[in-house]
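This is what each chain is made of:
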Amino acid sequence: MRKLLMPFALIATMAYSGEQFAMSDADRAMYAEMLENNPADIYVESGGEIFEEKLGGEEALAKFLGVKVDELPKYIAGFPRYIKKLGNVVGIDQVLQAMQVEQGKKMTKLKSEDMFSMLAYVKSLANDEQFTIDINADEHIKASYDLGKKTFETPRGGRGLSCLSCHSKDIVGMVLRTQPLPDLGKSGSGATWPAYRMTKSSLRTLQRRFQGCMKNALLKVIPIGSKEMVGLEVYVSTLAQENKKAIAIPGLKR
Amino acid sequence: MYNKMTRISCVVAVLSTTVLLNATDMTKAYSMPDASKLIEKDLLKPAQKYSMPKGCISTDKDSIARGKYIFHNLNGKKAKATPPKGLAKFVEKKGKDGKMVKKPKQYGNCVACHNIEGAKGAGNIGPDLSKYKATFIDTKTRDHAFVYQKIADPRIDNPNTHMTVNLTTKLFNEKEICDIASYIVSEKK
C-alpha cells in the first residue's frame, strides 16, 4: 500500500484533460489500474530472488558494507555514497558488483535487466526512509555532488541543451511538446526510480532515465556508472531529499 | 601446548585471508566507465554572432515548405509526411568503424516549445509565433536578421535562453536556417 503514496501526487500533475497532453483518458485509466498493481513488483521480486541466491541477501550486503542488518534501510538511503574500500562514490549497483567479485562470481552488467531488478529490490529496502545523503560528509561525496551539478548544468549536443534548459525552476510546469516539465525535486525523482515506465513497458533506473533525456535532447548518452552519472544521481537525489520525499520503490511513471 | 598451536594456526588463517582479500583490488571490482571524453567532445561552443547570407529570406514555396517541415518535425524517423523538395529524411554519417551509415536527419522540433499556425501539440516554453509577420515584422518590432540570429544562436539575444542552438552546433547549415526563418516570417493562411 505504501508505494501508492508517491504516484498519487504524480497523477495530480498528470491528470490534465484535453488532447494537448500526452495522457489520453485510456492511458489514465490504465495508469489508475497499474497503481493498484504496479507491474514493476514482479521485477523487484525477481531482483530479490537473484540477490538472495547469487549474493547472499541482506546479511551478506550488511557485512560487505560493515553495518548491522537493521541499519541497512537508513544506510541504503544514503546512496550514492563514498565506500572507502571501493575508493569512490558509488551506486548500489556498483556495490552489488563488488560483492560478486569478492565472492569470486561474475559481475552482472550495470545496464542489464537483472541488475536493474536487484538494484530496485535493494533500494526498496529503504522504502519510507528519507534520503540521508550528506554532501559535506567527506571530500569525495562533495566532489561527486559538484560534478553532478556541473553535468546537469553543462549545455552540449546537437541542440546545445543542458538538463537545466528543461529542468530549471523558472519553467517547471510549462509544456514541452505535450509534456509538462516536472520539478525533479517536488516530483521526488530520486526517490521514485527504479520505476515501471509505461511508455517503455519495463523497469528503468534513475540513471537509465537520465539517458532517456540525453537521447531525446540529442546530448551524447553517457554510460551508466560513470563518475558523471553517479554525480547526477547524487545531485537529483538531494533535490528529492530537500523536498523531504520518502523513498518509494518501485515508482510508476508515464 | 595444543592450545597454543591452535591459537597460532588461527592467527595464520586470519592473516592469510586478509592477504587474500587484499589481493583482489576492490577499487577495480566494479565498472565505472569513463564519460569525460564523451562530454568533452560534446560541449557547446561559445555564443556566436552571425550575419544573414544574401537572399536568405525568400518567398520561394520550396524554401518555406522545407522550413515548415523542419519546424514541425523532430527527426526523419519520426516524421510521417514526405519531405519537401531539397530535404531528406536520412543522412549519411561516418560510423565508429569509418564506414558511412544512414542516420535519421534531425529537424528543429520547434513546435515542442512554440505554437504557430497549424501546430499540433505545441508547447509553450517559447513565445507563440503565430501571426509573426503581422505582429513583429510589419510593425518593425523585429527584422529578418533578428529572426535569423535567434534561430542560429539565441544566446546573443538572451544569454540565459532555454531555446536550442541551431547553427553553432552545426545541427543545420545556413541555408536551412534561412528556410526556417523564411517560414516563420511568411504570410500564413
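Residues numbered from 1 in each chain as written. Chains lettered and ligands numbered in written order. Predicted model: local features only at pLDDT ≥ 70, side-chain atom pairs only at ≥ 80, totals over all residues. Heavy atoms only, no water.

Q: Where do I start with the overall build of chain A in this structure?
A: For chain A, the helix and strand inventory stands at 12 helices and seven strands. Over its C-alpha atoms chain A spans a radius of gyration of 18 Å, differing by no more than 12% from the 18 Å that the globule rule assigns to 254 residues. For chain A, the proportion of its 254 residues judged to be buried stands at 56%. Expressed as a percentage of contacts within chain A between residues at least 6 apart in sequence, the contacts between residues at least 24 apart total 65%. (Helix = DSSP H or I, 4+ residues; strand = E, 2+ residues; numbered from the N terminus. Rg over C-alpha atoms; globule rule 2.2 N^0.38 Å. Buried < 20%, exposed > 50% of the residue type's maximum accessible area, 1.4 Å probe, protein only. Contact = heavy atoms within 4.5 Å.)

Q: Help me understand the confidence of the model for chain B in this model?
A: Detailed reading of the predicted coordinates is not advisable wherever pLDDT falls low. All names here are of chain B. Residues with a pLDDT of 70 or more make up 87% of chain B, whose mean pLDDT is 89. This stretch, residues 8-20, has a pLDDT under 50; its non-local contacts, to residues over four places away or in other chains, come to zero contacts. In the model output, the complex is listed with pTM 0.88 alongside ipTM 0.88. (pLDDT = per-residue confidence, 0-100.)

Q: Looking at this structure, I do not really get the packing of helix H3 (residues 40-55) of chain A against helix H4 (residues 57-65) of chain A. What am I missing?
A: Two numbers describe a pair of packed helices, the interaxial angle and the distance between the axes. Residue and element names in this part refer to chain A. Packing of H3 against H4 leaves a shortest axis separation of 8 Å and a crossing angle of 65 degrees. Taken as axis vectors, H3 and H4 run roughly perpendicular relative to one another. Seen from above, H3 lies across H4 with left-handed handedness. Of H4, the residues touching H3 (which contributes Phe51, Glu52 and Leu55) are Gly57, Glu58, Ala60 and Leu61. Tallied by class, residues from the contact of H3 with H4 come to four nonpolar, one polar and two charged. (Axes fitted to C-alpha atoms, helices over the stretch in contact; angles between N-to-C directions. Parallel < 35°, antiparallel > 145°, perpendicular 65-115°, else oblique. Left-handed = near helix turned anticlockwise from the far one by under 90°. Nonpolar A, V, L, I, M, F, W, Y, C, P; charged D, E, K, R; others polar.)

Q: Can you walk me through the sheet that holds strand S7 (residues 251-253) of chain A in this structure?
A: Strand pairing in a sheet takes place through backbone hydrogen bonds and is either antiparallel or parallel in direction. Residue and element names in this part refer to chain A. The sheet built from three strands is open, its strands ordered S6-S5-S7 with mixed pairing. Only two strands of the sheet have a single partner each, and these edge strands are strand S6 (202-204) and S7. Within the sheet, the average angular offset between the axes of one strand and its neighbour, ignoring direction, is 35 degrees. Of the pairings in the sheet, the one linking strand S5 (residues 195-197) to S6 comprises three bridges and is antiparallel in character. Among the inter-strand pairings, Ala195 is bridged to a residue of S6, identified as Arg204. (Pairing = 2+ DSSP bridges.)

Q: Could you clarify how one ought to interpret helix H7 (residues 113-124) of chain A in this entry?
A: Helical geometry: 3.6 residues make up each α-helical turn, so side chains three or four residues apart lie on a common side. Residue and element names in this part refer to chain A. Along its 12 residues, H7 runs 16 Å from first to last C-alpha, staying within 8% of the 16 Å computed at 1.5 Å per residue. Judged by how many residues are buried, H7 sits mostly within the fold: nine of 12 residues are covered. For H7, the full list of buried residues reads Met115, Phe116, Ser117, Met118, Leu119, Ala120, Val122, Lys123 and Ser124. (Expected span 1.5 Å × (residues − 1).)

Q: What should I look at first to understand the interface of chain B and chain A in this one?
A: Interfaces are frequently sized by the accessible area removed from exposure as the parts join. Contacts between the two partners involve 37 residues from chain B, matched on the other side by 47 residues from chain A. Together chain B and chain A conceal approximately 3300 Å² of surface at their shared face, both sides included; 61% is due to carbon and sulfur atoms. For the pair chain B and chain A, the number of links is one salt bridge. For B:Asp42, the salt bridge identified is with A:Arg156, shortest N-O distance 2.8 Å. Connecting chain B to chain A are 19 residue pairs in polar contact (both at pLDDT 80 or more). (Buried area = accessible area lost by both parts, 1.4 Å probe. Salt bridge = Lys/Arg side-chain N within 4 Å of Asp/Glu carboxyl O. Polar contact = N/O pair within 3.5 Å; in protein donor to acceptor, adjacent residues only side chain to side chain.)

Q: Which parts of the structure should I look at to understand the side chain of A:Ser117?
A: Residue and element names in this part refer to chain A. Relative to the elements of secondary structure, Ser117 occurs in helix H7. On the accessibility criterion, Ser117 (2% relative accessible area) is buried. Non-local contacts of Ser117, meaning those with residues more than four positions away in its chain, are made with Tyr43, Val44, Ser46, Gly47 and Leu203.

Q: When you look at the packing of aromatic side chains in this model, what are you seeing that I'm missing?
A: In this description, a pair of aromatic rings is defined by centroid distance and the angle of the planes. Per the stated rule, a full pass over the model turns up seven aromatic pairs over all chains. Between A:Phe51 and A:Tyr121, the ring centres sit 5.8 Å apart and the planes meet at 45 degrees, which makes this aromatic pair tilted. Within this pair, whereas A:Phe51 is found in helix H3, its partner A:Tyr121 is found in helix H7, the two being separated by 70 residues in sequence. Overall, the relative accessible area of 0% leaves A:Phe51 in the buried class. Taking 5.3 Å as the distance between ring centres and 85 degrees as the angle between the ring planes, the aromatic pair formed by B:Tyr69 and B:Tyr107 counts as edge-to-face. One end of the pair, B:Tyr69, is in helix H3 (residues 61-72); the other, B:Tyr107, is in the loop between strand S2 (100-104) and helix H4 (132-137), with 38 residues separating them in the sequence. Its relative accessible area of 0% is what places B:Tyr107 among the buried residues. Here the aromatic residues A:Tyr145, A:Phe152 and A:Tyr235 are joined through ring pairs into a cluster of three or more. (Phe/Tyr/Trp six-rings, centres within 6.5 Å; stacked < 30°, edge-to-face > 60°.)

Q: What exactly am I supposed to notice about the side chain of A:Thr192 here?
A: Residue and element names in this part refer to chain A. On the secondary structure map, Thr192 appears in helix H10 (residues 189-192). By relative accessible area, which is 2% here, Thr192 ends up buried. One polar contact links Thr192 to Lys253, side chain to side chain, over a distance of 2.9 Å.

Q: Is there a simple way to explain a positive patch on the surface in this structure?
A: Together, A:Lys220, B:Lys41, B:Lys93, B:Lys96 and B:Lys103 make up a region of like positive charge exposed at the surface. Here B:Lys41 lies in helix H2 (residues 36-42). (Patch = residues over 30% accessible without salt bridge, like charges linked within 9 Å, V, L, I, M, F, W, Y side chains within 5 Å. Areas by Shrake-Rupley, 256 points an atom, 1.4 Å probe, with all protein chains shown as cover. Lys, Arg positive; Asp, Glu negative; His and termini not counted. Charge placed at Lys NZ, Arg CZ, Asp CG, Glu CD.)

Q: Please clarify how helix H6 (residues 174-185) of chain B should be interpreted in this entry.
A: All names here are of chain B. Between its first and last C-alpha, H6 extends 17 Å over 12 residues, near the 16 Å set by a 1.5 Å rise per residue. Counting buried positions along H6 gives 10 out of 12 residues, so the element sits mostly inside the fold. Taken residue by residue, H6 has Glu176, Ile177, Cys178, Asp179, Ile180, Ala181, Ser182, Tyr183, Ile184 and Val185 as its buried positions. Where H6 is buried, its residues contact H3, H4 and helix H5 (144-152). Of the residues flanking the start of H6, the one acting as N-cap is Asn173, its side-chain oxygen 3.2 Å from the backbone nitrogen of Lys175.

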